[in-house]
Amino acid sequence: MRPFFSFVQKEFFHIFRDKRTMLILLGMPIIQMLLFGFAISTEVKNTKVAVFDPSKDASTRLIKERLQASNYFDLAEELTDPGQINDVFKDGNIGLVVVFSEGFASDLRHTGDASIQLITDGTDPNQASLITAYATGILTACQQELAGMAEVSGRIVPELKMLYNPQGESAYNFVPGVMGMILMLICAMMTSIAIVREKETGTMEILLASPMRPIQIILAKMAPYFVLSAVNLATILLLSAFVLHVPIVGNLGLLVAVSLLFIFLALSLGLLISNVVNSQMAAMLVSGMGLMMPVMLLSGLIFPIESMPEILQWISAIVPARWFIAAVRKIMIQGVEFHAVAKEVGILALMTGLLIAVSLKNFKTRLS
Amino acid sequence: MKAIYTEQLSKAYGRVQALDAVSFEVEPGEIYGIIGPDGAGKTTLFRILTTLMLADRGKAAVEGLDVVKDFKAIRRIIGYMPGHFSLYQDLTVEENLRFFATVFGTTIEANYRLIEDIYRQIEPFRQRRAGKLSGGMKQKLALCCALIHQPKVLFLDEPTTGVDPVSRKEFWEMLVRLKAQGISILVSTPYMDEAKLCDRIALMQGGRFLRVDTPPGIVGSFPYPLWAVQSKDMHRLLSDLRGYPHLRSSYSFGESYHVVLKPEGTPGDLKEYLSGEGHKEIEVGQIIPTVEDCFMLMLNEKEVL
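Residues numbered from 1 in each chain as written. Chains lettered and ligands numbered in written order. Predicted model: local features only at pLDDT ≥ 70, side-chain atom pairs only at ≥ 80, totals over all residues. Heavy atoms only, no water.

**Details of the overall build of chain B**
The condition that has to hold: Secondary structure elements are taken from DSSP: a helix is a run of H or I of four residues or more, a strand is a run of E of two residues or more, and numbering for both begins at the N terminus. Residue burial is assigned from relative accessible area. The probe radius is 1.4 Å, only protein chains are included, and a residue is buried under 20% of its type maximum, exposed over 50%, and partly exposed in between. Whether two residues are in contact is decided by their heavy atoms: any pair within 4.5 Å suffices. The Shrake-Rupley method, run with a 1.4 Å probe, gives the accessible areas here. Residue values count only the displayed protein chains as cover. When charges are counted, Lys and Arg are positive and Asp and Glu negative, with His and the chain ends excluded. All charge positions are set by atom: Lys at NZ, Arg at CZ, Asp at CG, Glu at CD.
Of regular secondary structure, chain B possesses 10 helices and 14 strands. Viewed in the frame of its principal axes, chain B has a C-alpha envelope of about 70 × 45 × 35 Å. Relative to its 305 residues, chain B shows a buried fraction of 51%. A fraction of 68% describes how many contacts in chain B between residues 6 or more apart in sequence connect residues 24 or more apart. Total accessible area on chain B is roughly 13400 Å²; 50% of this is exposed by carbon and sulfur atoms. Seen as two clouds, the 37 positive and the 39 negative side-chain charges of chain B have centres 6 Å apart.

**Overview of the overall build of chain A**
Assigned secondary structure in chain A consists of 14 helices and 5 strands. Here chain A holds 368 residues, and the buried ones make up 51% of them. For chain A, long-range pairs separated by at least 24 residues make up 78% of all intrachain contacts whose partners lie at least 6 apart in sequence.

**Structural notes on the state of the cysteines**
Heads up, the rule is: Put simply, a disulfide is two cysteine sulfurs that come within 2.5 Å.
Across all of its chains, the model carries 0 disulfides over all chains by this definition. Summary of cysteine pairing: C294(B) is not part of a disulfide, and the nearest cysteine sulfur, belonging to C198(B), is at 14 Å.

**Describing the pairing of strand β3 (residues 31-35) of chain B**
All names here are of chain B. Rule in force here: Two strands pair if DSSP finds at least two bridges between them.
The element β3 is largely enclosed, with a buried count of 5 among its 5 residues. Two elements, β3 and strand β8 (residues 184-189), share 5 bridges in a ladder whose sense is parallel. Opposite I35, over in β8, you have T189 as the bridge partner. By the bridge criterion, 4 bridges tie β3 to strand β9 (residues 200-205) in an arrangement that is parallel. From the neighbouring strand, I34 faces β9, where its bridge partner is A202.

**Considerations on the interface of chain B and chain A**
For clarity, the cut-off: Summed over both partners, the accessible area lost on bringing two parts together, with a 1.4 Å probe, is the buried area. By convention in these notes, a salt bridge is any Lys or Arg side-chain nitrogen within 4 Å of a carboxyl oxygen on Asp or Glu. Each polar contact in these results corresponds to two N or O atoms within 3.5 Å; when the atoms are within protein, one needs to be able to donate a hydrogen and the other to accept it, and residues that are neighboring in sequence are counted only if both atoms are side-chain atoms. All amino acids are sorted into three groups, where Ala, Val, Leu, Ile, Met, Phe, Trp, Tyr, Cys and Pro are nonpolar, Asp, Glu, Lys and Arg are charged, and the leftover types, Gly among them, are polar.
Contacts between chain B and chain A engage 31 residues on the former and 24 residues on the latter. By the criterion of area lost to chain A, the three top residues of chain B are L52(B), R75(B) and Y88(B), representing 23% of everything that side buries. For the interface between chain B and chain A, the tally reads 2 salt bridges. Put simply, E205(A) and R47(B) hold a salt bridge, and the shortest N to O gap is 2.7 Å. Our count for the chain B to chain A interface comes out at 10 residue pairs in polar contact (both at pLDDT 80 or more). For the side of chain B that touches chain A, the secondary-structure elements that each account for two or more residues are α2 (71-77), β6 (78-81) and α3 (93-103) of chain B. The greatest single-element share of the side of chain B that touches chain A, amounting to 5 residues, is contributed by α3(B). Within the side of chain B that touches chain A, the residues separate by chemical class into 17 nonpolar, 8 polar and 6 charged.

**Section: the domain arrangement of chain A**
Going by this rule: Boundary definitions for the domains trace back to an automatic or database domain assignment.
As far as domains go, chain A holds domain 1 (2-39 + 171-362) and domain 2 (47-163). If you average the C-alpha positions of domain 1 of chain A and of domain 2 of chain A, the two centres end up 44 Å apart.

**Brief notes about the side chain of T50(B)**
Following the sequence through the fold, T50(B) ends up in the loop between α1 (42-49) and β4 (57-62). Judged by relative accessible area, T50(B) falls into the buried class, the value being 0%. Apart from residues lying up to four places away in sequence, T50(B) is in contact with A209(A), I78(B), Y80(B) and F155(B).

**Some thoughts on empty space enclosed by the protein**
Going by this rule: In the cavity and pocket records, a cavity denotes points on a 1 Å grid over the protein atoms alone where a 1.4 Å probe fits but cannot get out, a pocket denotes an open set with protein on both sides within 12 Å along at least 5 of 7 lines, and lining residues are residues with an atom within 4 Å of a point. Grid points are joined across faces, edges and corners, and a volume is the space filled by probe spheres set on the points.
The full count for this structure, using the stated rule, is 2 cavities of 30 Å³ or more. In this structure, the largest cavity occupies an estimated 60 Å³ of space. Along the walls of the largest cavity sit I206(A), A209(A), S210(A), I78(B), G79(B), Y80(B), F100(B), F104(B), A142(B), C145(B), A146(B) and H149(B), which together make up its complete lining. Listed by contribution, the elements that provide at least two residues to the lining of the largest cavity are β6 and α5 (135-147) of chain B.

**So, the confidence of the model for chain A**
As a general rule, the predicted coordinates of low-pLDDT regions are not to be interpreted in detail. Residues and elements named next belong to chain A. Going by this rule: What pLDDT expresses is the predictor's confidence in each residue, scored from 0 to 100.
Looking at chain A as a whole, its pLDDT mean stands at 82, while 89% of the residues score no less than 70. Per-element confidence in chain A is highest for helix α10 (residues 252-276), whose mean pLDDT is 91, and lowest for strand β5 (residues 155-163), whose mean pLDDT is 62. In this model residues 165-171 is a low-confidence stretch, pLDDT under 50, and it forms 11 contacts with partners more than four residues away in sequence or in other chains.

**Concerning helix α3 (residues 58-69) of chain A**
Because an α-helix packs 3.6 residues into every turn, residues spaced three or four apart end up facing the same way. Residue and element names in this part refer to chain A. For clarity, the cut-off: For a helix, the expected span equals 1.5 Å multiplied by the number of residues minus one.
Helix length check: α3, at 12 residues, gives a terminal C-alpha distance of 16 Å against a target of 16 Å (1.5 Å per residue), a fit within 8%. Taken as a whole, α3 has its buried residues at S59, T60, L62, I63, K64 and L67. Where α3 begins, the side chain of D57 points an oxygen toward the backbone nitrogen of S59, at a separation of 3.0 Å.

**Overview of the sheet that holds strand β12 (residues 247-253) of chain B**
All names here are of chain B. Short version of the rule: The axes used here are C-alpha line fits, helices contributing only the stretch in contact, and every angle between their N-to-C directions lies in the interval 0 to 180 degrees.
Here we have 4 strands laid out as an open sheet, ordered β12-β13-β11-β14, and antiparallel in their pairing. Strands with a single pairing partner mark the edges of an open sheet, and in this sheet they are β12 and β14 (283-287). The average undirected angle you get between the axes of adjacent strands in this sheet is 30°. Where strand β11 (residues 226-230) lies against β14, 5 bridges are found, and the strand directions are antiparallel. By the bridge assignment for β14, Q230 is matched with E283. Contacts between helix α10 (residues 291-300) and the sheet are confined to β11, β12 and β13 (256-261), with β12 contributing the most and set at about 130° to the helix.

**Overview of the pattern of salt bridges**
In the structure shown here, the tally under the stated rule is 30 salt bridges over all chains. Measuring nitrogen to oxygen at the nearest pair gives 3.6 Å for the salt bridge that ties R98(B) to E109(B). Taken as a pair, R98(B) in helix α3 and E109(B) in the loop between α3 and α4 (112-122) lie far apart in primary sequence, 11 residues in all. A relative accessible area of 37% places R98(B) in the partly exposed class. The network of salt bridges with common partners includes K10(A), E11(A), E198(A) and K221(A).

Next up, the structure:
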């Protein structure tokens, strides 16, 4: 066992002495979390609003006035036909369309249920959900005001609709996404680079010609990145809970267990990459382009999988991060128990087993 | 038992025949040099013998152990310095040495005696990162790392490439001392001047051993008088030499051209011919052939030797 620990110690030396890489490794999760958390979810201010109001009564006028009076909205357009809704979104100026039902005030008075439709642009779900939240708040206030006028006692039922993204993924869904991306990047890219570097410098030849067993070399290479990833996992969870106030609803133990499984999967993917490439540059390109792009685009991190063309949905099924992100969303945000993520965990475990088997089979006791 | 033994060893990469039926033996406690240009197949031979690669055909054994069947046992008793080996640049001298010691299941202290001579020279810098060492120091450290587990056979693939002449000389002095301790050494080099320090050398080209002999044996078998030719206009000299009808071969060697003449040619005749071509300060002097001259001759006319 002594050669193994000595090897692990050497790997840590490599990591700690490369200050720049270490800064990236430990700083990247923090920067990405803050970036996604603050910079990308922009504030709602002076959002242009278009209104379709076939009713034109006192109640609808009040609501429009209140919308206009708030800092958040700016009445820009009165639509005359519901068919224009799509067009105003395509022009790109309008962030929200408010559609009143016909005979809004009389519905409110007689049936006690008047419906109002809030339509947002779901291509930016974060922004869209913020806009609807603000608009709903104003509507609730209007409702109380109308009730206070004793004229009516009904409810206004806002009906929310996010065009292009009917699921309306909520703003803090990015936390699982960032976890998936960071862990994949650090584990896969860093392990593959670390192994390939030994090929480049010729030290791998010596290690192979030594009595050390290949499995020991592999595990020793993986161990430090496993530890680093665990540190990153802790950073992400702490940031998300205490800075971004995204609560961890579900079981923390389950969350950590699933994450460790995913880390292990990413490590074996890195190992596989190091088997097929021979230079650090190639390792970086393969893990960068071959892993980052699918993780960014096909895992549901940025674009919801449900709204992808079917063929892309199929392709996304082989992206491990997709299953990890789905599982973390369920555990962390919905707070489900293990049986609800059994499918995702099963798929991840299967992928891990497969990758380990393939890379161990490929890792040669000899060169080429 | 031979330190190294191979029989009809062949290896091809696609259509390139890297090793072509190579058979040779290295005696225990011998320094055996393989001399040849890049692409001669030296590294392939080393990798097969260090169990890092499988031959297509033929047999090979190190200390009586088969390179395919007993590869694990071989890995315990050999020291290997691959070509362009660069250690861990970001680890210190001492950390590198300690790491390789533990990888081979030993400690620096246990085998300090063997590397003492060499290590003492780099010990003042033991806290320095290997990347900050000079080329010669790096080679010394690499040699220490290859020796730290007391190997029976040492494989050095171009250990002195890119190292200054003084360090090269020191390095070879160390090899001679190691040999005295009973370690068999297989070493390859593109530098012909290092060849004379080996017990035996093999001239290698195109995957084949052209000739195996002791350095004096190889030099002694040079069949022609050898002439060194110089003139004021060295640049034009080579093409004019090639125009001389009684020339067998000529090539650049340091500050002069080494020339072998056909039986009809004499140095006086050559001098006359060259001054006829307009050369000044012509000098033609006989010299003792070196290993490199033998090698050049062999490349030009394989049937002669």
